[in-house]
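# Chains, contacts and geometry: an overview
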Amino acid sequence: MLLHFGQVPTLVVSSADVAQEIMKKQDAIFASRPSLKANNIVAYGAKKVTFAPYGEYWKHVKKIYVAHLLGHAKVRSFEQARMGEVELVLEKVRHAQKMSNSIDLTEVFNLFTVGTLGRVLSKSFSKRRSALELIEQVAALYYEFNFEDYFPALRYLDRFFGVESKFMNIFKRWDAFFEDMITDHIKRARNNEEDGGFIEALLLLQANNQLDTELTREHLKAFLTDMLGAGVHTTFTTLDWAMAELMRNQEIMKLIQEQLRKITPTGGSGMLTNEDIKELTVLTAVIKETLRLHPPGPVAVPRQSIEESRIIGYTIPKGTTVFVNIWSINRDPKYWECPDEFRPERFIGSTVDFWGNNFQFIPFGAGRRICPGIQFAMYNIEVLLANVLCKFDWELPNGMKPEELDMGYAPGLITVTRNKRLILVPK
Ligand code: HEM
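Here's a quick rundown of the structure. The structure displayed is predicted, hence computed values, not measured ones.

## As for the overall build of the protein
When its secondary structure is counted, the protein shows 16 helices and nine strands. On C-alpha atoms alone, the protein measures out to a radius of gyration of 22 Å, which is about the 22 Å that the 2.2 N^0.38 rule sets for 427 residues. Overall, the C-alpha framework of the protein stretches about 60 × 60 × 40 Å when taken along its three principal axes. The burial tally for the protein puts 55% of its 427 residues in the buried class. Across the protein, the fraction of contacts at a sequence separation of at least 24, relative to all contacts at a separation of at least 6, is 75%. Summing over all exposed atoms, the protein offers an accessible surface of approximately 19,200 Å²; the carbon and sulfur share of this is 53%. Separation between the mean location of the 52 positive side-chain charges and that of the 51 negative ones in the protein comes to 2 Å.

## Some remarks on the coordination of the iron atom of the ligand
Put simply, the ideal angle at a metal is 109.5 degrees for four donors in tetrahedral geometry and 90 or 180 degrees for six donors in octahedral geometry. Here the protein supplies the iron atom of the ligand with just one donor, Cys-371 (SG), and that contact is 2.3 Å long. With respect to the element layout, Cys-371 can be found in the loop between α15 (326–330) and α16 (374–391).

## Examining the pairing of strand β7 (residues 321–324)
Residues Thr-321 and Phe-323 of β7 are buried on one face, and the alternating residues Val-322 and Val-324, pointing to the opposite face, are buried as well. Two elements, strand β4 (residues 303–304) and β7, share two bridges in a ladder whose sense is antiparallel. Each residue of the ladder has a partner; that of Arg-303, found in β7, is Val-322.

## Considering the packing of aromatic side chains
By the definition in use, this model includes 14 aromatic pairs. With a centroid separation of 5.3 Å and 90 degrees between ring planes, the pair formed by Phe-177 and Phe-178 is classed as edge-to-face. Here Phe-178 falls in the buried class, since its relative accessible area comes to 0%. Note on Trp-336 and Phe-347: the rings are 5.7 Å apart at their centroids and 50 degrees apart in plane angle, and the pair reads as tilted. With Trp-336 in the loop between α15 and α16 and Phe-347 in the loop between α15 and α16, the pair connects residues that are 11 residues apart, well separated along the chain.

## Describing the site of the ligand
Not every one of the 28 residues close to the ligand is listed here, only the nearest: Arg-33, Trp-58, Arg-303, Arg-369 and Cys-371. Between an oxygen atom of the ligand and a side-chain N or O atom of Trp-58, the distance comes to 2.8 Å. Elements that contribute at least two residues to the shell around the ligand include exactly α3 (56–70), α12 (217–248) and α16. Ranked by residues supplied to the shell around the ligand, first place goes to α12 with six residues.

## Considering the side chain of Glu-289
Mapped onto the elements of the fold, Glu-289 is located in helix α14 (residues 281–293). Look at Glu-289 and you get buried, because its relative accessible area is 0%. When neighbours within four sequence positions are excluded, Glu-289 is seen to be in contact with Glu-341, Phe-342, Arg-343, Pro-344, Arg-346 and Phe-347.

## Quick notes on the nonpolar core
Burial of nonpolar side chains together is a common tendency in soluble globular proteins. Ranked by internal contacts, the top residues of the largest apolar core, which has 60 residues, are Leu-389 and Trp-394. Among the elements that make up this core, the one with the highest residue count is α16 (11 residues). Not counting chain neighbours up to four residues away, the residues in contact with Trp-394 comprise Val-93, Ile-103, Leu-105, Met-243, Met-247, Val-388, Leu-389, Leu-424, Val-425 and Pro-426. The next biggest cluster of nonpolar side chains, apart from the first, holds 48 residues, and it includes Tyr-65, Leu-111, Leu-215 and Tyr-379.

## Looking at the pattern of salt bridges
Inspection of every chain in the model, using the stated rule, returns 24 salt bridges. Note that Asp-17 and Lys-334 form a salt bridge whose closest N and O atoms lie 3.1 Å from each other. Of this pair, Asp-17 sits in helix α1 (residues 16–25) while Lys-334 sits in the loop between α15 and α16, placing them 317 residues apart in sequence. Taking relative accessible area as the criterion, Asp-17 reaches 40% and is therefore assigned partly exposed. With its nearest N and O atoms 2.8 Å apart, the salt bridge here joins Glu-179 to Lys-221. Here Glu-179 is found in helix α10 (residues 163–190), whereas its partner Lys-221 is found in helix α12, with 42 residues between them in sequence. Classification of Lys-221 as buried rests on a relative accessible area of 7%. One salt-bridge network, in which partners are shared between bridges, spans Asp-175, Glu-179, Arg-217 and Lys-221.

## Looking at unusual backbone geometry
Its identity as a non-glycine residue notwithstanding, Ser-100 has a phi of 55 degrees, on the positive side. Within the secondary structure, Ser-100 sits in the loop between α5 (79–98) and β3 (103–104). Positive phi, close to 50 degrees, is recorded for Asn-398, a residue that is not glycine. Within the secondary structure, Asn-398 sits in the loop between β8 (394–395) and β9 (423–426).

Criteria and thresholds
- For every chain, the first residue of its written sequence is number 1, and the numbers climb from 1 along that sequence.
- Local features in a predicted model are, by the rule used here, given only for residues with pLDDT of at least 70; side-chain atom pairs are given and counted only at 80 or more, and totals for whole chains, interfaces and linings are based on all residues.
- With hydrogens and water stripped out, all remaining heavy atoms of the structure feed into the side-chain values.
- By the criteria applied, helices consist of DSSP H or I runs no shorter than four residues and strands consist of E runs no shorter than two, each listed in order from the N terminus.
- As defined in this context, the radius of gyration uses C-alpha atoms, and a globule is described by 2.2 Å times the residue total to the power 0.38.
- Each residue is assigned to one of three classes by its accessible area relative to the maximum for its type, calculated with a 1.4 Å probe on protein chains only: buried under 20%, partly exposed between the two thresholds, exposed over 50%.
- Contact criterion: two residues are considered in contact whenever any of their non-hydrogen atoms come within 4.5 Å of each other.
- Each accessible area value is a Shrake-Rupley result obtained with a 1.4 Å probe; residue values ignore everything except the protein chains displayed when judging cover.
- When charges are counted, Lys and Arg are positive and Asp and Glu negative, with His and the chain ends excluded.
- Charge placement uses NZ in Lys and CZ in Arg. For Asp and Glu, CG and CD serve respectively.
- Listed donors are limited to N, O and S atoms within 2.8 Å of the metal, widened to 3.2 Å for Na, K and Ca; water is not among them, so incomplete-looking sites are possible.
- Being paired, for any two strands, means DSSP has found at least two bridges between them.
- Pairs were defined over the aromatic rings of Phe, Tyr and Trp, the Trp ring being its six-membered one, requiring ring centres within 6.5 Å. Orientation was assigned from the angle between planes: stacked under 30 degrees, edge-to-face over 60, tilted for the rest.
- Here a residue is near a molecule or strand as soon as one of its heavy atoms is found within 4 Å of it.
- Under the rule applied, a polar contact is a pair of N or O atoms within 3.5 Å (in protein, one hydrogen donor and one hydrogen acceptor; residues adjacent in sequence only if both atoms are side-chain atoms).
- Side-chain atoms within 4.5 Å are what join buried Ala, Val, Leu, Ile, Met, Phe, Trp, Tyr and Cys residues into a set we call a nonpolar core.
- Take a side-chain nitrogen of Lys or Arg and a carboxyl oxygen of Asp or Glu: if they are within 4 Å of each other, that pair is a salt bridge.

Set out below in structure tokens:
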């Protein structure tokens, strides 16, 4: 559907066929991003990959992300940090179990996600709650309708809306947070404490000066905002939805628990590692079905066309902003039987995967701009779910029945979280 939002031609894509046309066949034309006011302020111009226009700079920085943080080998190498955070979660749950208390799993998942990411940025990362608070504030402001993005000629009206000053205020706190993180890291490095994290790698690249692109302190901070901005809400909300769906589908939860309880952990700590659970098809199917029904980003990050093109017989002008509606594509009855039902078994024995080749299932997007954090996210989601399901049985509080669990969506545009916190009792 081609619309005009103010002065900007806008294409909304809600079918797998057109998504394939945009994200695969004509990907080079549609691989850029529109320049939004929020990005020019909070995201340090277009320095972070998520909002960089398609081109050489984007390619160089994405390579840095993959080589030093998000690539498969790197993700595997972060096992210690990941398992350290799993251990913290298990301790909290054990404590609640011992006291016969309920536990707020939404909060636990949120802290786990920011903790695993923070630790691999810098080993000494500890400000989980401040980071979460900042991410919330930025998310709330980010997609607030910004008049100027759609009516550039009416820029002067911002003095009434005040969007820019709101962004500037948040940006100052955001910037100070990342400045502290880098400064703390540098102080420890003076004491010869190596940590193998992303900030260390970036500082080394900066010192060696062998890159094809400039790497200033601003670039470093932009990359860190990219990681926390793109990686935290998306991952935590998947954990939250998956666990809620399992509470409503007890037979599937029991099946996974039986499979998990047959595995003997290889690590000395008694926790299951990613290696231990790599053959668990039911757990993977549950996560895929969660991502299909509740894609954390219901609308992919907007794209922009760099030249005029033809899509299914229509002319799409250069500079069109494209929104791919992942949510409705993932539930298209043309591809999915009973699309609104949680049925993980549909993925067992199926070749449909989320790597951007099956356009009826694109929770991570597709094409050149596909999410580079898939492996990172999946390792964290799988290992945490495996451990909390293996070590504990779970009940709803106050005699609540599974069908009474609120599965409504909280308001929000960037990521779609559950309406209510997930409070459960570990047994
Ligand atoms: C369940 C978890 C996640 C989901 C569902 C998800 C989903 C997405 C989607 C839909 C896009 C846009 C793709 C497109 O335009 O075609 C994206 C982009 C991106 N994601 Fe993720 N993401 C997740 C986790 C992560 C994590 C953990 C990180 C990093 C720590 C990350 C980093 C990024 C980056 C940097 C981009 C921008 C890529 C580009 O513009 O080239 N994501 N993600």
